[in-house]
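# Observations on chain architecture
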Amino acid sequence: MPYKTSEARRAYRKKWRAKNKEKIAETRRKVKLDTLSHYAGALDVRCAYCEEADLTVLQLDHINGGGRQQRKEMGLASAGYGFYLKLKKLGYPEGFQVLCANCNIRKHFGAL
Ligand SMILES: [Zn+2]
């Protein structure tokens, strides 16, 4: 639907997002699950170190580090939904593993 102004389009999108919060959350959850499933090699996604299975706290870890630089090169400001979509578009490149937030932080500080 064409809008006369970008403000009108922005207002429509804001209203749509407010009305469809659950749909948006489910889409994001599915994209995350698809991505993490690929890297976990199973539909039953778990942390590679501690077996944590709560999708809420599972993250994608750059095995050799350099995540911030890679996202920058991909033109992404942060990790998460946009990053998962980009990885899918790129055919799921190698170099990632699934970790829970605790293990990811432990790895970052050299405690894993
Ligand atoms: Zn863990």
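Residues numbered from 1 in each chain as written. Predicted model: local features only at pLDDT ≥ 70, side-chain atom pairs only at ≥ 80, totals over all residues.

## Regarding the confidence of the model for the protein
Put simply, the test is: A score from 0 to 100, pLDDT tells how confident the predictor is in each residue. Elements are defined by DSSP. Helices are runs of H or I of four residues or more, strands are runs of E of two residues or more, and each kind is numbered from the N terminus.
This prediction gives the protein a mean pLDDT of 91; 99% of its residues lie at or above 70. Element-level mean pLDDT values for the protein span from 82 in helix 3 (residues 67-73) up to 96 in strand 2 (residues 96-100).

## Here's the deal with the pairing of strand 2
Which entries qualify depends on this criterion: Once C-beta atoms are placed from the backbone, each residue is buried if 20 or more other C-beta atoms lie within 10 Å of its own, exposed if 12 or fewer, and partly exposed for counts between those two. Whether two strands pair comes down to DSSP finding at least two bridges between them.
Buried residues dominate strand 2, accounting for four of its five residues. Here strand 1 (residues 58-62) pairs with strand 2 via five bridges, running antiparallel. Directly across from leucine 60, in strand 2, lies its bridge partner valine 98.

## Side note on the environment of arginine 71
Definition in use: Working definition of a contact: two residues with C-beta atoms, positioned from the backbone, lying within 7 Å.
Following the sequence through the fold, arginine 71 ends up in helix 3. With 18 C-beta atoms packed within 10 Å, arginine 71 lands in the partly exposed category. In this structure the C-alpha to C-alpha distance between arginine 71 and glutamate 52, which are 19 residues apart in sequence, comes to 25 Å. Filtering out sequence-adjacent residues up to four positions away, arginine 71 remains in contact with Leu76, Ala79 and Phe83.

## Some remarks on the packing of helix 2 (residues 21-40) against helix 4 (residues 81-89)
Formally: For every element, the axis is a line fit to its C-alpha atoms; helices are fit only across the contacting stretch, and the angle between N-to-C directions ranges from 0 to 180 degrees. Any angle that is under 35 degrees is reported as roughly parallel, and any over 145 degrees as roughly antiparallel; angles of 65 to 115 degrees are reported as roughly perpendicular and all others as oblique. Crossing handedness: left-handed means the near helix sits turned counterclockwise from the far one by under a right angle, and right-handed means the same turn made clockwise.
Axis separation between helix 2 and helix 4 bottoms out at 9 Å; the angle between their running directions is 50°. Between helix 2 and helix 4, the interaxial angle falls into the category oblique. Both helix 2 and helix 4 take part in a crossing whose hand is left-handed. Residue-level inspection shows Arg28, Val31, Lys32, Asp34 and Thr35 of helix 2 in contact with helix 4, the latter providing Tyr81, Tyr84, Leu85, Leu87 and Lys88.

## Looking at helix 2
An α-helix turns once every 3.6 residues. As a result, residues three or four positions apart point the same way. Note the threshold: Each helix should span, by expectation, one fewer than its residue count multiplied by 1.5 Å. Starting at the helix axis, one direction is taken to each C-beta atom, and the arc is that of these directions.
With 20 residues, helix 2 extends 28 Å between its outermost C-alpha atoms, agreeing within 8% with the 28 Å of an ideal straight helix rising 1.5 Å per residue. When we look at burial in helix 2, the residues that qualify are Lys32, Thr35, Leu36 and Ala40. Along the long axis of helix 2, the arc covered by the buried residues comes to 130°, so they all point the same way. For helix 2, the exposed residues lying more than 90 degrees away from the buried face are Lys23, Glu26, Thr27 and Lys30. At its buried positions, helix 2 is contacted by strand 1, helix 4 and strand 2. Looking one or two places after helix 2, you find glycine 41, whose phi comes out positive at around 75°.

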